[in-house]
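Spelled out from the first residue to the last, the chains are:
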Amino acid sequence: MPMLSSSMNCVAEFFTYETTKSVVVKSWTVGVINRVVQLLVISYFIGWVFLHEKAYQVRDTSIESSVVTKVKGFGKYTNRVMDTADYVTPPQGTSVFVIITKQIVTENQVQGFCPESEVKYSCVSDSDCQRPVPTTGGGILTGRCVNYNRSLWTCEIQGWCPAEVDTIQAPIMLEAENFTLFIKNSIRFPLFDFEKGNLLPNLTAQDIRTCRFHPVTQPFCPILRLGDIVRFAGQDFAKLASTGGILGIKIGWVCDLDRSWEHCVPSYTFTRLDSVSEKNNVSPGYNFRYAKYYRRENGTEYRTLMKAFGIRFDVLVYGNAGKFNIIPTLINTVAAFTSVGVVSATVSLPPSSPPPAPQEPGALCCATSSSSTS
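**Student:** Would you mind going over the overall build of the chain with me for this structure?
**Tutor:** Across its full length, the chain holds eight helices and 15 strands. Across the 374 residues in the chain, those meeting the buried criterion constitute 34%. Restricting to contacts in the chain with at least 6 residues of sequence separation, those with at least 24 account for 69%.

Printed below as a string of structure tokens:
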């Protein structure tokens, strides 16, 4: 019987309904603090959470993108007219490409033995050339000290000869400042199956031929002048063309899909991505080497080596899209009401304030209390 009685008590306790005791306090201080804090919480949820952050939406941040680029323009370099096949690499029109603005050319190199051209390989005897295999220079050291010119002896190398001299001054192809870059960008948000491109429907063929991008007057023109890109990134074109550098063209797609299709438009920003190398005297700018290979009638292979300085452009696409969804709306609405309730419960009387006077049972207009019932 005691066990049965205990079980019945547990069941009765489980189905007990309890209410909290509430007291209405007539205090201007507490009332003003309570309402001000409630107003701040409500303003935060309405202004920041719902309107600014759009917490009533579900968002898709996994943007899918494709980029096609095309450069146009003619330049003149060392009495040669250069077109896009000469100064753009790689030629496929990808999102990362280089426009060559300066070259140091070493012609007619063949495999053989020749003196090193770098001063750090200067020598007096063969013992000065007994060094580990270097990772720099023009080839593999043979261990011999040979005559480079009348006043200088350097270590002999085996490799492509004559060795490259990359300390000479070379001109800059300043015409590159007026080259134009065409960008064709397509994006997709897979969560909403939403697709769009930067070639907006109101652009005509005539616009494509004549417009030039400007962040204020022509913000949606896909034709960009290289000099303008460099200027928008806060760089000097002549200096950048001389040392080389890496610029980022950022295309942002931040779309509210609760609005019409036309309101989802791209925004363009520009920045220098290798700003650290700009301030570094050891390896400033951007350059690379490539060669063109030929064969003489007797079968001897030779090449022309080029050390190229240029501006590398990285087209970076980012973005997210949001659309109304009932689940995040309910979650954030409940969070807002809960926060208001918690704030009201934590507001207490000032320490110097006397406790509220007990009320008569019939004075329901001033105080209301309910005891626990079962």
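The discussion continues.
**Student:** Please clarify how the state of the cysteines should be interpreted in this entry.
**Tutor:** Cysteine pairs can be linked by a disulfide, which is a covalent bond between their two sulfur atoms. Evaluated as defined, the whole model comprises five disulfides. Paired by a disulfide, Cys123 and Cys145 hold their sulfur atoms 2.0 Å apart. In this structure, the disulfide formed by Cys123 and Cys145 twists by about 95 degrees around the S-S bond and is classed as right-handed. Linking Cys123 in the loop between strand 6 (96-115) and strand 7 (139-147) with Cys145 in strand 7, this pair joins segments that are 22 residues apart in sequence.

**Student:** Before we go on, may I ask you to explain the pattern of salt bridges in this structure?
**Tutor:** Note on pairing: side chains with opposite charge can pair once their charged atoms come close. On inspection of all chains with the given rule, the structure shows 13 salt bridges. Linking Asp228 and Arg231 is a salt bridge whose minimum nitrogen-to-oxygen distance equals 3.0 Å. Residue Asp228 and its partner Arg231 are both found in helix 5 (residues 226-232); the two are separated by three residues, about one turn of the helix. Judged by its relative accessible area of 49%, Arg231 is partly exposed. One salt bridge in this structure joins Asp314 and Arg312, with 3.0 Å as the shortest N-O distance. Judged by its relative accessible area of 9%, Asp314 falls in the buried class. A residue is classified by how much of its surface remains accessible, and Arg312, at 23% relative accessible area, is partly exposed. Salt bridges here are not isolated pairs; linked through shared partners, they connect Glu64, Arg188, Asp193 and Glu195.

Thresholds applied
Residues numbered from 1 in each chain as written. Predicted model: local features only at pLDDT ≥ 70, side-chain atom pairs only at ≥ 80, totals over all residues. Heavy atoms only, no water. Helix = DSSP H or I, 4+ residues; strand = E, 2+ residues; numbered from the N terminus. Buried < 20%, exposed > 50% of the residue type's maximum accessible area, 1.4 Å probe, protein only. Contact = heavy atoms within 4.5 Å. Disulfide = S-S within 2.5 Å. Salt bridge = Lys/Arg side-chain N within 4 Å of Asp/Glu carboxyl O.

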